[in-house]
Amino acid sequence: MREHVAEYLASGPSFAEGEVIDRIDTFRRRRPRLRDSVVTLAHGAGGKASAALVDGVFLEAFRNPHLESLGDGAILKLPDGQRMAMSTDSFVVQPLRFPGGSIGHLAVHGTLNDLAMAGAVPTWMSAAFVIEEGFVIDELREIVADMAAAAQAAGVQIVTGDTKVVPRGAADGMFITTAGVGMVPAGRQLSPDRVRPGDKVLASGSIGDHGMAVMLARGDLAIEAEISSDTASVSHLVERLMAAAPSTRWLRDPTRGGIGTVCNELAQACGLAVILEEDRLPVRPEVAGACEMLGIDPLYVANEGKFLAVVDAAEADAALEALRSHPDGENATEIGHIADEPGATVVVRTGFGGTRIVDMLVGDPLPRIC
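Residues numbered from 1 in each chain as written. Predicted model: local features only at pLDDT ≥ 70, side-chain atom pairs only at ≥ 80, totals over all residues. Heavy atoms only, no water.

Participant: Can you walk me through the sheet that holds strand β6 (residues 157-166) in this structure?
Facilitator: Through backbone hydrogen bonds, the strands of a sheet pair up, either in parallel or in antiparallel fashion. Strand order in the open sheet formed by five strands is β1-β2-β7-β5-β6, and the pairing between neighbours is mixed. Strand pairing shows two members of the sheet lacking a second neighbour, β1 (74-77) and β6, which therefore form its edges. Here the average twist between neighbouring strands, direction ignored, is 15°. As judged from the nine bridges shared by strand β5 (residues 121-132) and β6, these two strands associate in the parallel manner. Residue pairing for β6: Met-125 is matched across the bridge by Ile-158. Contacting β5, β6 and β7 (174-184), helix α5 (residues 137-154) crosses the sheet at an angle of about 10° to β7. (Pairing = 2+ DSSP bridges. Helix = DSSP H or I, 4+ residues; strand = E, 2+ residues; numbered from the N terminus. Axes fitted to C-alpha atoms, helices over the stretch in contact; angles between N-to-C directions. Contact = heavy atoms within 4.5 Å.)

Participant: What exactly am I supposed to notice about helix α7 (residues 235-244) here?
Facilitator: One turn of an α-helix holds 3.6 residues; hence residues three or four places apart share an orientation. Taken together, the buried positions of α7 are occupied by Ser-235, Leu-237, Val-238, Leu-241 and Met-242. Each buried residue of α7 sits inside an arc of 155° when the element is viewed along its axis, so together they form one side. Of the surrounding secondary structure, the elements contacted by the buried residues of α7 are α4 (103-117), β5, β9 (250-252), β11 (308-311) and α10 (316-324). (Buried < 20%, exposed > 50% of the residue type's maximum accessible area, 1.4 Å probe, protein only. Arc of directions from axis to C-beta.)

Participant: Sorry if this is basic, but what is going on with the sheet that holds strand β13 (residues 345-349) here?
Facilitator: Read from one edge to the other, the open sheet built from seven strands follows the order β9-β11-β8-β12-β10-β13-β14, with strand pairing classed as mixed. The open sheet is flanked by β9 and β14 (355-357), the only strands paired with a single partner. With direction set aside, neighbouring strand axes in the sheet form an average angle of 25°. Across four bridges, strand β8 (residues 200-203) lies against β11 in antiparallel orientation. Across the sheet, Val-201 pairs through a bridge with Val-310, a residue of β11.

Participant: Just checking my understanding: could you explain the nonpolar core for this structure?
Facilitator: Note that soluble globular proteins tend to have their nonpolar side chains buried in a common cluster. With 31 residues, the main nonpolar core has Ile-103, Met-174 and Ile-176 as its most contacted residues. It is α4 that provides the largest number of residues to this core, a total of six residues. In contact with Ile-176, other than residues within four places in its own chain, are Asp-89, Ser-90, Phe-91, Ile-103, Ala-107, Ala-128, Phe-129, Ile-143 and Met-147. Core analysis: the second largest hydrophobic core is formed by 26 residues, Val-201, Tyr-300, Val-348 and Val-358 among them. (Core = buried A, V, L, I, M, F, W, Y, C linked by side-chain atoms within 4.5 Å.)

Participant: What am I meant to see in the confidence of the model for the protein chain here?
Facilitator: Regions with low pLDDT carry predicted coordinates that are not meant to be interpreted in detail. Counting all residues, the mean pLDDT for the protein chain is 90, and 90% of those residues have values of 70 or more. Counting interchain partners and residues more than four positions distant, the pLDDT-below-50 stretch residues 1-29 has 34 contacts. (pLDDT = per-residue confidence, 0-100.)

Participant: Mind showing me how you'd approach the packing of helix α6 (residues 209-217) against helix α9 (residues 285-294) here?
Facilitator: Running from amino to carboxyl end, α6 crosses α9 at an angle of 60°, the nearest separation of the two axes being 10 Å. With respect to α9, the axis of α6 lies oblique. Considering how the two elements wind past one another, α6 and α9 form a crossing that is left-handed. Mapping the contact onto sequence places Asp-209, Met-212 and Met-215 in α6 and Val-287, Ala-290, Cys-291 and Leu-294 in α9. (Parallel < 35°, antiparallel > 145°, perpendicular 65-115°, else oblique. Left-handed = near helix turned anticlockwise from the far one by under 90°.)

Participant: Explain the state of the cysteines to me, please; I cannot follow it from the model alone.
Facilitator: Two cysteines form a disulfide when their sulfur atoms are joined by a covalent bond. One pass over the structure, following the stated rule, counts zero disulfides. Considering cysteine sulfurs only, Cys-263 is the nearest to Cys-291, which forms no disulfide, with 16 Å between them. Take Cys-370: it sits in no disulfide, and the sulfur closest to it among the cysteines is that of Cys-291, at 17 Å. Relative accessible area serves as the criterion here: at 12%, Cys-370 is assigned to the buried category. (Disulfide = S-S within 2.5 Å.)

Below, the structure is given as structure tokens:
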């Protein structure tokens with residue numbers, strides 16, 4: 001690890017070498033360790049088991065300074081000094097079509113949003129399809145049309161790809177993998193290491209819509225509710241935010257594992273406390289009702305068109321005004337703040353004046369949602 005500290009210092013904020021090592025060591029000590037002998041569905045849920053699998057298998061095999069940040073995308077410095085972001089994602093959701101979207105929408109939005117969370121402006125994408133024998137061509141056309149419409153609306157082009165067909169029963173209909181690249185504007189820096197006590201935590205809109213929409217669309221539950229996925233590109237909202245709050249510290253889209261898990265990742269990475277206000281969490285009544293009936297905390301439910309931002313307290317009002325000025329951000333809310341204590345912990349202040357600690361997601365409470 002120490003051989004990478006010089007590069008880390010050169011590309012990131014100003015910290016002493018010993019402090020950087022302490023931060024990384026603390027972060028790794030708190031990461032779950034892989035103790036399983038086989039892969040389970042929990043390893044794909046985005047919580048503790050996922051973190052353990054990534055650390056214990058993939059990070060150990062591919063370790064390099066870019067990967068060690070464990071972000072949703074890598075920021076790469078080009079020979080001319082510009083910075084490019086690159087991200088990739090796979091989509092295996094069932095059903096393939098659900099209220100508010102389809103696997104095609106997710107395949108575009110998911111990768112573009114990961115680029116936006118790195119501070120990049122997306123430009124190009126690739127798409128690879130694994131299609132099961134017997135898949136109806138008209139359904140394939142519809143999903144590809146969804147992808148084309150999503151990419152056009154976001155201002156990006158799908159410029160290359162691949163197609164594979166596997167025997168009947170081997171792919172659950174269709175799997176899609178996309179990768180994307182984008183350019184990071186000069187001077188833009190987003191990192192957990194920039195987060196400071198007193199910073200504000202913002203949510204760009206309501207939470208839990210996508211996960212609940214997919215769960216109910218599977219038809220396994222006797223629950224009826226008008227819940228639609230929030231799948232959407234957030235790049236335009238990020239640019240509005242950055243224009244109004246140029247000192248924005250950190251961005252993340254809370255997909256698998258929800259807000260609870262990504263806030264824990266932030267807390268562990270920066271060593272500070274994330275304090276959330278329960279009565280400020282923007283949960284739609286129908287989503288809250290479905291979660292209550294199923295015994296699921298909305299903090300762990302996935303989102304596909306929302307993001308969290310940590311901003312300087314002095315810029316929080318301007319950031320909210322900028323987000324709310326667009327229909328996709330009209331429900332943007334300040335949901336908490338950053339504090340010194342309790343270090344590396346997420347705490348929710350309840351409406352009754354008490355507090356509870358929110359851990360990373362454990363297990364696999366939801367179906368495949370992306």
